[in-house]
Amino acid sequence: TFAALMLIGGKLADAYGRRLIFVIGIAVFTLASLACGMASSGEALIAARVAQGVGAAMMNPATLSIIAVTFPPRQRGTAIGIWAGTSALALALGPLIGGLLTEHASWNWIFFVNVPIGVLGIAASFLLIDESRDESHERLDLPGLATSGLGLFALTYGLIEGNNFGWGSVRIVGAFVVAAVSLTVFVLLERRQRAPMLDLTLFRNRTYVGANLAMLLVALAMFGVFFFVSLYMQNVLGYSAVEAGAAFLPMTVLIILIAPLAGRASDRWGSRWLITGGMVLLAVQLAYFSQLSDDATFWVLLPALVLGGFGMSMTMTPSSAAAMRAVPVEKAGIGSAVLNACRQVGGSTGIALMGAIMASRLTSPPTTASFMDGFELALVVASVIALAGAITAAALIRPHDRSHGAEPVQQAAEAA
């Protein structure tokens, strides 16, 4: 539901108010978290998780669009860098806190802990965030909402479940057929609508296209790696869940520190070569990981984690900044939603791809040697994908990406 409703969440934010949709998203996510913690069956837990996805799909696109309308283009990269650093802090603390709660309290508390945070988030939103919306909005494009939601749902479902049911199964092939038909119909509808949900003219901007492709490829290369490197640490090296979370701290701490600097650098020099360089560093990191043995120490892992910290900072923040500078500020919600949808679909594809590669090499019953064989091949493939991302960024993103006329709109908003 998170991936399927991302575009809808972005469009609703533009149409009805970015702060309003953000707050509703927090409220839905918070209530759903409470329901998750109180769930007494698997079915109830899954239903509450579906509701969490709805709330997240409303929150996530609104965050970047709020930044886009709050800061002028010359400061937007720095602001997005601070946003990315804060997100990395959550990424660092989440596995540690979640592991500690699971080990010393109960699994329910990984959901209950969201409730006070959600309440604080709602209060802070009303105190600190100004409302903004697309004043040119006419009406909701209901056919566009329906076809985009169905298409993204079917695509994500097929990617997530492909390894479970088999890529040639009727269920998975059917999901991909539904996705292809729905997304094709969505594009055809958007080309003909007077007030489309997604203005396809956004994709005439090479920088916007390049930033979205870079985000998709970095997620494709890295999300599966996080998942399987964590499995490697726990199943091969013998780390506990908390120890595996702690092992990633050097990488996430570097992201926290470097992401704002990368954002500031993108404000000054543009995003093109930052993204290109970051993707090259990630390719080197992945190639290094592919050479790990089944008895590696933390100090052997550390150089790759350091490379990943620099690479992720130089890629994610400038990609987001480039994309948000390339869209008109009144379309910031849907522009952000496309970027986040690329990240989510890329991540799902990466986990599915790495999982399929791993499954092709695992013996029955699985052995450490067969796991390491699949692990090495998956990481080599991920490294090649990261290099493809570097080439894409260098080819498409303009050396000094500039805003799409957002400065006058920002000045008018400030005057109002």
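Residues numbered from 1 in each chain as written. Predicted model: local features only at pLDDT ≥ 70, side-chain atom pairs only at ≥ 80, totals over all residues. Heavy atoms only, no water.

Participant: Even after reading the chapter, I still don't get the packing of helix α9 (residues 206-236) against helix α12 (residues 272-289), so can you show me in this structure?
Facilitator: The geometry of a pair of packed helices is captured by two quantities: the angle between their axes and the separation between those axes. Remark: α9 packs on α12, axes separated minimally by 12 Å, with the N-to-C direction vectors making an angle of 25°. Taken together, the axis directions place α9 and α12 in an arrangement best described as roughly parallel. The handedness of the crossing between α9 and α12 comes out as left-handed. Here A214, L217, V218, A221, M222, V225 and V229 of α9 lie close against α12, whose contacting residues are I275, M279, L282, Q285, L286 and F289. In terms of residue class, the contact of α9 with α12 is made up of twelve nonpolar, one polar and no charged. (Axes fitted to C-alpha atoms, helices over the stretch in contact; angles between N-to-C directions. Helix = DSSP H or I, 4+ residues; strand = E, 2+ residues; numbered from the N terminus. Parallel < 35°, antiparallel > 145°, perpendicular 65-115°, else oblique. Left-handed = near helix turned anticlockwise from the far one by under 90°. Contact = heavy atoms within 4.5 Å. Nonpolar A, V, L, I, M, F, W, Y, C, P; charged D, E, K, R; others polar.)

Participant: Is there a simple way to think about empty space enclosed by the protein in this case?
Facilitator: All told, the structure shown has two cavities of 30 Å³ or more when counted by the stated rule. Taken together, G224, V225, F228, V229, M354, F375, A378 and L379 make up the lining of the largest cavity. Of all elements in the fold, only α9 and α15 (368-396) reach the threshold of two or more residues within the lining of the largest cavity. It is α9 that provides the largest number of residues to the lining of the largest cavity, a total of four residues. (1 Å grid on protein atoms, 1.4 Å probe; cavity = no way out; pocket = protein on both sides within 12 Å on 5 of 7 lines; lining within 4 Å. Points joined across faces, edges and corners; volume = space filled by probe spheres on them.)

Participant: Looking at this model, I keep getting lost on the pattern of salt bridges. Mind explaining?
Facilitator: Opposite charge on two side chains lets them pair, provided their charged atoms get close. Counted by the stated rule, this structure contains three salt bridges. A salt bridge links R325 to D267; its shortest N-O distance comes to 3.0 Å. With a gap of 58 residues between them, R325 in helix α13 (residues 298-325) and D267 in helix α11 (residues 249-269) connect regions that are remote in the sequence. Just as R325 is buried, D267 falls in that class too. (Salt bridge = Lys/Arg side-chain N within 4 Å of Asp/Glu carboxyl O. Buried < 20%, exposed > 50% of the residue type's maximum accessible area, 1.4 Å probe, protein only.)

Participant: Looking at this structure, I do not really get the packing of aromatic side chains. What am I missing?
Facilitator: By convention here, two paired aromatic rings are described through the distance between centres and the angle between planes. Taken as a whole and judged by the stated rule, the model has nine aromatic pairs. Their ring planes at 55° and their centres at 5.6 Å tell us that F203 and Y208 sit as a pair that is tilted. The exposure class assigned to F203 is partly exposed, which follows from its relative accessible area of 33%. For Y208, a relative accessible area of 0% corresponds to the buried category. Feature note: the residues Y232, F371 and F375 constitute an aromatic cluster, connected by ring pairs. Above the ring of F165, the side-chain terminus of R171 is found at 4.1 Å from the ring centroid. (Phe/Tyr/Trp six-rings, centres within 6.5 Å; stacked < 30°, edge-to-face > 60°. Lys NZ or Arg CZ within 6 Å of the ring centre and 35° of its normal.)

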